[in-house]
Each structure stands twice: as structure tokens, then as C-alpha cells.
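Descriptive structure summary
The lines below spell out each chain.
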Amino acid sequence: MDASTHQFNFDKEVDRTKSHSDKWDKYKGQDILPMWVADSDFQSPPAVIDALQERVSHGVFGYTHASDTLTEIFVDRMKSRYNWDIQPEWVVYLPGLVCGLNIAARALTDEGQTIISPSPIYPPFISSAKFAERPLVKASVKLKDGRWMPDLEEAGEQLSGKGGLLQMCNPLNPGGTVYTRKELEATLAFAEKHDLFVCSDEIHCDLILDGGKQHIPFASISESAEQRSVTLMAPSKTFNIAGLGASIAIIPNAKLRQRFSKIKRGIVPGVNVLAFTAAEAAYQHGEAWLQEQLCYLAGHRDYLMQEINALPGMKLEHIEATYLAWIDCSELAVDNPHRFFEEAGVGLSPGLDFGNRKFVRLNFGCTRKTLEEAVRRMKAAISSLS
């Protein structure tokens, strides 16, 4: 995309230090760049900000529900982007995706049934099994032709009995893998063989960085996949509105939807009026902003891969999606890579939180200036080892 055609400025520096930001307050008063939790430093699309300002000017913020327009937009989005025909009644709104993972862990398993989760993986996958008091089997995420994929066959050997829940993350966090149709079909065959329901976290589905890749919702590949699945999506990562809390569960199977809704009743609050307002504006008017963001992030990805892979002891595989780099530090001569880079002024997510202490996760949803400074600090730290 030619610079002259840009409508939006992703290089704009936004001071988040006085906004009660979890990301920035973690290192308050320290010279450490926060590049850990998965929210970006970009201002949300102007259409979202305008819609929120208009709604705030109304001045009344009572109990609310999703507009028919939002549901229609989302249904149309599934059809136009993924050729997936969903029905409005399949849509269940949630105030966040993590609560969806936890509700699914309880709703789609009975006591004693196993939950299978990729590992390393986004930490709430693992904790959802713990909180639901369900046995957990980890499917080791391994490199296969330069892409991170869970080894389901290895996990299958650890299963005893039928039934349970398979957790998916597509695109994968961490790792950034976008599942192919063939890989999704193999996942479905595994679920059918072991009589598993599937909860598919697809929150990063809009953040595909490779032009030749296409996100395919697991549930869209067949009626069998549809009827055994809960799909979780949200505009939060895509449009940087995670703090507002608007997520969506798509549950085609009426009995599963009833069980899911029953578990959340009286415990999980509804989505608030500003979150609904932002979600509707983002999905309806945010596409041009999203396309420019993807170009900007792809440039970051390419720069980061070049720089990280030139550093001794560091390795970064190709990132197909997300703004999260899963960096292998296993050959770096330090015991704790997270602490090592933190002391060098770069605050990354510790790999141990995801399941491998020799990795770190770097959030490159930031300005190029911030990213380049982080790389400079990492280079200097590694140089000091020699």
C-alpha cells in the first residue's frame, strides 16, 4: 500500500501512562517498554470513537441488549468472510472471551471427563480446566514444516474413555499459525474418534498477516463440526477495544447452547452499552482501518523476523497471524530469558506462563519507533553476554 493512500496514522504516539492501562502500569516509573499483554497501542478506528462519543452524549446508560443491527452485521460478516451461514439465534454475547472458555469447560464436559488443550498456549486455556476441576491432557505444540501445531495423536494416547472437550486456538496464540482446511479436517476426525466437543478460540481471526492465508472457522467445515462446537470470536484484538468487553459465542447446537447459557446465567454479567456500541461501529465501519493495520503489522512482522533471527541464540518462526511473536531463546546463554530482557528494558510475556520457560512472547502491536527501540535494547543485552 502506497504511503500516499494511507488514511490512518499507526505511527502516532499515544501516551497511555495516565489511562490506567494494565499494559503500561505494570512498569510504571521504570524504563521498561511494555510489550507483553495482547492489546495494541493504536487508537481504535475513528468510526468507533465517533460512535462512542455520540452514545455518551445521550447521557443515559441503563441495562441494555444487543441491537438487531449488530447481530445482522455479524451474521453477514460470517457469510461474506467465511461463507459460513449462521443463524441469529446461534449468537450468544459475552463480556469477554476468557469467560467463554471457562463456561465451555463446564458446559461441554461432565465431571471426570477430560479437557485436551494445546501447550504452550494462552494461559486461560489451562486454567479453565483447573477451575472446572476437569482432568487435563496437554497436546504438545511442535514445529511442523516451520509452523507450530498441536500433536493431537500424542494427546490421544493419553485419553481414557470417551467424551470430553478439545480446546482449539485458531490462529494459534502463541505461534500465529493459521489452520488449513486439511488441518481442520484432521482435528474434526480426532474429535469424532474420541467423541469430543470442540471449543475454538478464534479471537485473532481478523489479524491474518499473510495475503495468501485465509481463516476458516472450525465449525464451518461440516455439519458434524458445527454441531459439536462452540466458536469464540470478538472485535477486541482486531480493533483494540478489549477493555470494553464484547465477545461472541457461536453455538449452532441448541442443546449445547442451552447448557452454555444455563451455566453463565446469574454469574456472567451482560455486555455493557458502550461495548455493544463499539462492536457495532467496528464491524460496520472499521474495514479500511483494519486493512491498513494489517499492512502495518505485516511490516513489523517482517522487520522483527529479520532482526531476531540475526541475533545469536534467538529464533523466530514465520508468523502467519496475530501481532504476537513467539521467540525461541533456548540457545541463549541465560537461565531466565524473560528476566534477562526485562532487566535490559524490554517487558515481554514470560514463556513459562504459556508452558515453555525458554521462550518469550513479544507484542508488536505498537509504533515502529517503539519496536525498533525494543530490538535495539535486546541486541545490546545479547551483545553484553559475549
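Residues numbered from 1 in each chain as written. Predicted model: local features only at pLDDT ≥ 70, side-chain atom pairs only at ≥ 80, totals over all residues. Heavy atoms only, no water.

Some words on the overall build of the protein
Counting its regular elements, the protein contains 14 helices and 14 strands. The C-alpha atoms of the protein give 21 Å as radius of gyration, which agrees with the globular expectation for 386 residues (21 Å, within 12%). Across the 386 residues of the protein, 56% fall into the buried class. Partitioning the intrachain contacts of the protein with sequence separation of at least 6 by distance along the chain shows that 73% fall at a separation of at least 24. In the protein, 41 side chains carry a positive charge and 49 a negative one; their mean positions are 4 Å apart. (Helix = DSSP H or I, 4+ residues; strand = E, 2+ residues; numbered from the N terminus. Rg over C-alpha atoms; globule rule 2.2 N^0.38 Å. Buried < 20%, exposed > 50% of the residue type's maximum accessible area, 1.4 Å probe, protein only. Contact = heavy atoms within 4.5 Å. Lys, Arg positive; Asp, Glu negative; His and termini not counted. Charge placed at Lys NZ, Arg CZ, Asp CG, Glu CD.)

Quick word on the nonpolar core
Residues M314, I327, L362 and F364 are the most contacted members of the largest nonpolar core, which totals 71 residues. Aside from chain neighbours lying at most four places away, what touches L362 is M35, L304, Y323, L324, A325, I327, L348, L371 and M378. (Core = buried A, V, L, I, M, F, W, Y, C linked by side-chain atoms within 4.5 Å.)

As for the layout of surface pockets
Of the volumes computed, that of the largest pocket is approximately 1,000 Å³. Lining the largest pocket are 43 residues, with V37, A38, D39, A242 and G243 sitting closest to its centre. Broken down by secondary-structure element, the contributors of at least two residues to the lining of the largest pocket are α1 (22-25), α4 (97-107), α5 (123-132), α9 (236-239) and β13 (349-350). Taken together, the residues of the lining of the largest pocket break down into 18 nonpolar, 15 polar and 10 charged. Along the walls of the second largest pocket sit 16 residues, with K144, M149, P150, E183 and A186 positioned nearest its centre. Those elements that provide at least two residues to the lining of the second largest pocket are β4 (136-144), β5 (147-150), α6 (152-156) and α7 (181-193). For the lining of the second largest pocket, the element with the most residues is α7, which contributes 6 residues. Its residues assigned to classes, the lining of the second largest pocket shows 8 nonpolar, 2 polar and 6 charged. (1 Å grid on protein atoms, 1.4 Å probe; cavity = no way out; pocket = protein on both sides within 12 Å on 5 of 7 lines; lining within 4 Å. Points joined across faces, edges and corners; volume = space filled by probe spheres on them. Nonpolar A, V, L, I, M, F, W, Y, C, P; charged D, E, K, R; others polar.)

A closer look at the sheet that holds strand β14 (residues 359-363)
In spatial order, the strands read β10-β11-β14-β13; together these 4 strands make up an open sheet with antiparallel pairing. Both edges of this open sheet fall to β10 (315-316) and β13, since each of them pairs with a single strand only. (Pairing = 2+ DSSP bridges.)

Here we look at the side chain of R147
Inspection of the secondary structure assignment puts R147 in strand β5. Other than its neighbours up to four places away in sequence, R147 contacts K142, T177, V178, Y179, T180, E183 and E320.

Section: the packing of aromatic side chains
What the rule picks out here adds up to 12 aromatic pairs. Geometrically, the ring pair formed by Y93 and F276 is edge-to-face, given 5.3 Å between the ring centres and 90° between the ring planes. Within this pair, whereas Y93 is found in strand β2 (residues 91-94), its partner F276 is found in helix α11 (residues 273-285), the two being separated by 183 residues in sequence. With relative accessibility at 18%, the residue Y93 sits in the buried group. The exposure class of F276 is buried, given its relative accessible area of 10%. Ring centres 6.2 Å apart and planes at 85° place the aromatic pair F239 and Y283 in the edge-to-face group. Of this pair, F239 sits in helix α9 while Y283 is found in helix α11, placing the two residues 44 residues apart along the sequence. Overall, the relative accessible area of 0% leaves F239 in the buried class. A relative accessible area of 9% means that Y283 is categorised as buried. Grouping aromatic residues by their ring pairs yields a cluster made of F10, F42, F74, F239, Y283, W289 and Y296. The side chain of K26 reaches across the aromatic face of W36, ending 4.4 Å from its centre. (Phe/Tyr/Trp six-rings, centres within 6.5 Å; stacked < 30°, edge-to-face > 60°. Lys NZ or Arg CZ within 6 Å of the ring centre and 35° of its normal.)

Observations concerning unusual backbone geometry
Between S119 and the following residue, P120, the backbone shows a cis peptide bond with an omega angle of 5°. Turning to its location among the elements, P120 is positioned in the loop between β3 (114-119) and α5. Here the amide bond leading from N173 into P174 is cis, since omega sits at 5°, within 30 degrees of zero. Mapped onto the elements, P174 comes out in the loop between β6 (164-169) and α7. Of note in this structure, D195 is not a glycine but carries a positive phi near 55°. In this structure, D195 sits in the loop between α7 and β7 (197-201). Phi at T322 is positive, roughly 80°, even though this residue is not glycine.

Digging into the pairing of strand β11 (residues 324-328)
Within β11, 5 of the 5 residues are buried, leaving the element largely enclosed by the surrounding structure. With 2 bridges joining them, β10 and β11 adopt antiparallel strand pairing. Residue pairing for β11: L316 is matched across the bridge by I327. When β11 meets β14, the two strands line up antiparallel, connected through 5 bridges. Within the sheet, the bridge partner assigned to I327 lies in β14 and is V360.

Scope: geometric values only; no functional claims are made or implied.
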